[in-house]
Amino acid sequence: MKHVSAHLDWQLNPSTSLSSKLYFNTYTDDRKVTFTSNPAGSAPRQRRMWDEDQTGLMTTLTWRASDALVIDGGFNVEHQDNRYRRYRYAYAVPTDFSKPVSTSNDDSYTLRNLGAYVQAVIKPIDSLKIIPGFRADKFSGRTELHTTGATASLQDYGWISQPKFSVVYGVTPSTSVYANWGRTFQILTGSRAPAYLTPGQAEFRPSINTGKEIGVKLKPLADTEVRVAVWQQDATDEVANMPSTGTTVGLGQTRRKGVDFQATGRVTDKLKLWLSHSLQEATVQRAFTAGGVSLAGKEVFSTPRYISNVGAEYQATEKWRFSLQGRAQGSYYIDDLNARGKHGGFVLFDTSVRYALTKAASLDLQLKNLTDRKYEYVWYDNFFDAGNKAVLPYANDLARFTAYLQQLSMESNGKSVTRTGHPVSCDTGQVWWGEPGTNGQHAFFQLLHQGTRMIPADFIGFATPFRDVITDDGTSMHDLLISNFLAQTKVLAFGKTAEDIAAEGVAPELIAHKVMPGNRPSTTIFAPKLTPSTLG
């Protein structure tokens, strides 16, 4: 990240001041991701590059009308120029990131924000502070997909209003109570649909988050402070950005509520302790999966039930300082249906030592995860770009079976909204295709075995044929057909290594062209005989 800015602070008169900031930020992020144990296709090996330039201006005008009233307001404008590229690579150990086999994304997109706010700080008496405020934001932008040449505008959210209201009352010099109410928002992010209105993309509204909080601050002892708060946040049309896929998932109407506790205190002149603990519950109030299943009552995925911190800081001498910190969080569901179990909980300890060389310079030594405990960040990923499915019946009587499945699945699932009319935010409906196995073997099976795309395939066979042909030497042609049927699914699953091929006497220069990595998804359906009942 690089940052440069220019500031202007101007005292217009004793009661009025102006503050402005003109800035430029640039971010560059280059990530290489590989899952070595998964050789299928190219999806497990990716390079993702983000380039983002931000140019903006923020201006605030403050008027101190009296000791009891201060009003300030301002505006901001920001323009972003962004580019996102994602490349995929063939299987190798280590992964060769110099030669991509495909380009998933090469997108240039802009995002512009114009915002304005006004708020007042009112103190009718010394012990009471009232802060009403209002802010509004508007967004625009365009994207260009270099892989296809398509362009599109950002979702049109209009002006997004965000009122707020806060009250703080000092009950005693050491105790105060406070209450906050306000609205914030969330818009879709990314370089493609659903953030941008590419052809066929439905319109989205902004997610409006309405929050309320009641709390108390205490100073029970000198150099000690305690805060306890109860809060709730209700969101409409909430969305979640999936880090594993770069996609956006709609969560619908959600509710989060919880209790926060914080305490800090100085036990002695040299020892300081602190503790924080947050309990929260995040549930879906109203939403449906792409298949129409209600998610009401389910927990919001990737949201731990608690987060805790505890620490101690010991100032041994004027120059030496030692600290110890513990971090913990609860486990969380990783899918919207809460069917994949909870993961991601941990308890970790960090420590650090600081030696002050001078008042302006120091040396720091930090040791993370002091007890060397393993922990995990887990997500459930159902976006492996398996956008099509092959159906391969080893029976000529099912030559048109795939066409029937096309109508059954593709017409039924060819939608971009749920049954309630809510836009979906993931791909819907696979492309179904296929041929009888004997025809397909010499047409496209090489793509299934050796291509860079992951194509799930269903193989359908029968133990007893309607008709069989027996050769002069007594060989059953149906038995040969089924042997081939089973061999195809075996190689798709387990592959064929360079060593296996070399042992067959293949010329060395041809071995690489005959390797089949395996780990390709397929289903083997083997029935006694093709009958109306079996087909049904």
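What comes next concerns the included structure. This one's a predicted model, so the numbers in the text were calculated from it and none came from an experiment. (Residues numbered from 1 in each chain as written. Predicted model: local features only at pLDDT ≥ 70, side-chain atom pairs only at ≥ 80, totals over all residues. Heavy atoms only, no water.)

Thoughts on the pattern of salt bridges
Counted by the stated rule, this structure contains 19 salt bridges. The partner of Arg 192 in a salt bridge is Asp 107, and the shortest N-O contact between them spans 3.0 Å. Of this pair, Arg 192 sits in the loop between strand E10 (175-186) and strand E11 (207-218) while Asp 107 sits in strand E5 (residues 102-125), placing them 85 residues apart in sequence. When its relative accessible area of 24% is taken as the criterion, Arg 192 is described as partly exposed. Among the ionic pairs, Arg 467 bridges to Asp 397, the shortest N-O distance being 3.2 Å. Highlighted residues: Arg 467 in the loop between strand E23 (457-464) and helix H4 (477-494) and Asp 397 in the loop between strand E21 (388-393) and helix H1 (401-413), separated in sequence by 70 residues. By relative accessible area, which is 46% here, Asp 397 ends up partly exposed. (Salt bridge = Lys/Arg side-chain N within 4 Å of Asp/Glu carboxyl O. Helix = DSSP H or I, 4+ residues; strand = E, 2+ residues; numbered from the N terminus. Buried < 20%, exposed > 50% of the residue type's maximum accessible area, 1.4 Å probe, protein only.)

Description of H4
Relative to the 26 Å expected for 18 residues at 1.5 Å per residue, H4 spans 26 Å between its end C-alpha atoms, a close match to the ideal helical length. Residues of H4 that are buried include every one of His 478, Ile 482, Phe 485, Gln 488, Thr 489 and Leu 492, and no others. Take H4 and look down its axis: the buried residues cluster within an arc of 115 degrees, on one side only. Those residues of H4 that are exposed and aimed more than 90 degrees away from the buried face are Lys 490 and Phe 494. Turning to H4, the residues buried within the fold contact helix H3 (445-450), E23 and strand E24 (522-529). (Expected span 1.5 Å × (residues − 1). Arc of directions from axis to C-beta. Contact = heavy atoms within 4.5 Å.)

Describing the sheet that holds E21
With respect to topology, 4 strands assemble into an open sheet ordered E22-E21-E23-E24, the strand pairing being parallel. In this open sheet, the two edge strands, each paired with only one partner strand, are strand E22 (431-433) and E24. When strand polarity is set aside, the average angle formed by the axes of neighbouring strands in this sheet is 20 degrees. H1 rests against E21, E22 and E23 of the sheet, and its axis sits at about 170 degrees to E22. Against the sheet, H4 engages E23 and E24, with an angle of about 150 degrees to E23. (Pairing = 2+ DSSP bridges. Axes fitted to C-alpha atoms, helices over the stretch in contact; angles between N-to-C directions.)

Some remarks on the packing of aromatic side chains
Enumeration according to the criterion identifies 14 aromatic pairs in this entry. Judged by centre distance (4.9 Å) and plane angle (20 degrees), the ring pair of Trp 50 and Tyr 84 falls under stacked. Pair noted here: Trp 50 is in strand E3 (residues 45-66) and Tyr 84 is in strand E4 (residues 69-88), with a separation of 34 residues, a long-range link. Taking the centre distance of 5.0 Å and the plane angle of 70 degrees together, the rings of Tyr 89 and Phe 97 count as edge-to-face. What makes Phe 97 buried here is its relative accessible area of 17%. Through successive ring pairs, a cluster of aromatic residues spans Tyr 394, Trp 433, Phe 444, Phe 445, Phe 459, Phe 485 and Phe 526. Over the aromatic face of Tyr 178 sits the side chain of Lys 217, whose NZ or CZ is 5.8 Å from the ring centroid. (Phe/Tyr/Trp six-rings, centres within 6.5 Å; stacked < 30°, edge-to-face > 60°. Lys NZ or Arg CZ within 6 Å of the ring centre and 35° of its normal.)

A few points about H1
With 13 residues, H1 should reach 18 Å at 1.5 Å per residue; the first-to-last C-alpha distance of 18 Å fits that figure. Taken together, the buried positions of H1 are occupied by Phe 401, Thr 402, Leu 405 and Ser 409. Axial view of H1: buried residues confined to an arc of 85 degrees, hence all on one face. Buried positions along H1 lie against E21, E22, E23 and helix H7 (532-535).

Some thoughts on the layout of surface pockets
When its volume is computed, the second largest pocket comes out at roughly 430 Å³. Where the lining of the second largest pocket is concerned, the elements lending two or more residues are helix H2 (437-440), E23 and H4. Examining the composition of the lining of the second largest pocket, we find that 3 residues originate from one element, H4, more than from any other. (1 Å grid on protein atoms, 1.4 Å probe; cavity = no way out; pocket = protein on both sides within 12 Å on 5 of 7 lines; lining within 4 Å. Points joined across faces, edges and corners; volume = space filled by probe spheres on them.)

Section: the nonpolar core
If you look at the biggest cluster of nonpolar residues, it comprises 13 residues, and the most contacted ones within it are Phe 139, Tyr 157, Ile 160, Ile 187, Leu 188 and Tyr 196. In this structure Ile 187 touches Phe 139, Tyr 157, Ile 160 and Pro 206, once residues within four positions along its chain are discounted. Of all hydrophobic cores here, the second largest spans 12 residues; its members include Ala 390, Phe 445, Ala 457 and Ile 482. (Core = buried A, V, L, I, M, F, W, Y, C linked by side-chain atoms within 4.5 Å.)

Side note on the side chain of Gln 488
As for its placement among the helices and strands, Gln 488 is situated in helix H4. The class for Gln 488 is buried, based on a relative accessible area of 14%. Here Gln 488 is in contact with Tyr 394, Gln 441, Phe 445, His 449 and Phe 459, once residues within four sequence places are set aside.

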